[in-house]
Amino acid sequence: MNRGIIDRTEKYVREYLDGVESGHNWWHIYRVRKLAMYIYSRELKGDPFVIEMAALLHDISDYKVKPGAGTDDLENFLKVLRLEKSKSDSIKYVIDHISFRDSLGSHYEYTDELEIVQDADRLDAIGAIGIARAFNYGGSRGFEIYDPGESPRDYNSADEYIVSGSSTINHFYEKLLKIKGMMNTTTGKILAVERHVFMQQYLEYFFREWDEGKTKG
């Protein structure tokens, strides 16, 4: 029965995300789902059905995916599935607390499922793919690649973070380079290290090229 529900959910998510910005499209979901199930296979904690469903649905109703989208899209789909209330509530809990912005100025209890899916989602935000996603999203919103006169900011709330409009390079310092220290699971922490180092190396090359020629000629 669970396999049929998961297949139905995958079809819904593919259709829902058709045509959205490519950093948050189906292939992002595909990677997060794969990472979540890998982390589960190593950690062996939590409900694998809730983990897989939350990974599949975690960007439904996200403002970054569909500006103006409301939580009704997720709620209505879960109602159609007629899941046990405990399962539906567990899936929604993960989705309601997965985002980086949700950690700004708020505190909440972690479940095994939230720890795993959040780690998987955050891993996809760093490393080589994370760099590609950051510039793709920044470009889609018209953000500067880098502005030397603009310093990275600290955000005290989700609202501040949402409206910041900071440059993509600043985004590394405001979020991406913090992720390694925010991982929940042992497996997630291990996977984050190499991706974090790669981002540091990228930034080193970026600033080297940005300033190239200043002392030449």
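Residues numbered from 1 in each chain as written. Predicted model: local features only at pLDDT ≥ 70, side-chain atom pairs only at ≥ 80, totals over all residues. Heavy atoms only, no water.

**What to know about the pattern of salt bridges**
Two side chains bearing opposite charge may form a pair once their charged atoms approach each other closely. Threshold: We define a salt bridge as a side-chain nitrogen of Lys or Arg found within 4 Å of a carboxyl oxygen belonging to Asp or Glu. Each helix is a run of DSSP H or I of at least 4 residues and each strand a run of E of at least 2, with the numbering of both proceeding from the N terminus. Categorising residues by exposure relies on relative accessible area from a 1.4 Å probe, with only protein chains included: less than 20% of the type maximum marks a residue as buried, more than 50% marks it as exposed, and the intermediate range marks it as partly exposed.
Tallied over the entire structure, the rule returns 15 salt bridges. Ionic pairing is found between R31 and D124, a salt bridge with its closest N-O pair at 2.6 Å. Here the residue R31 occupies a position in helix α2 (residues 26-43), and D124 occupies one in the loop between α6 (112-123) and α7 (127-140), the gap between them amounting to 93 residues. Exposure class is identical for R31 and D124. Each is buried. Where E204 meets R208, a salt bridge forms, and the shortest distance between an N and an O atom there is 3.0 Å. Taken as a pair, E204 and R208 lie in helix α10 (residues 186-210) at a separation of 4 residues, close to a single helical turn. We classify E204 as partly exposed; its relative accessible area is 47%.

**Re unusual backbone geometry**
Backbone geometry at L44 places phi at a positive 50°, although glycine is not the residue there. Structurally, the position occupied by L44 is in the loop between α2 and α3 (48-57). The exposure class assigned to L44 is exposed, which follows from its relative accessible area of 62%.

Everything listed here is a matter of coordinates, which is why it stays silent on function.
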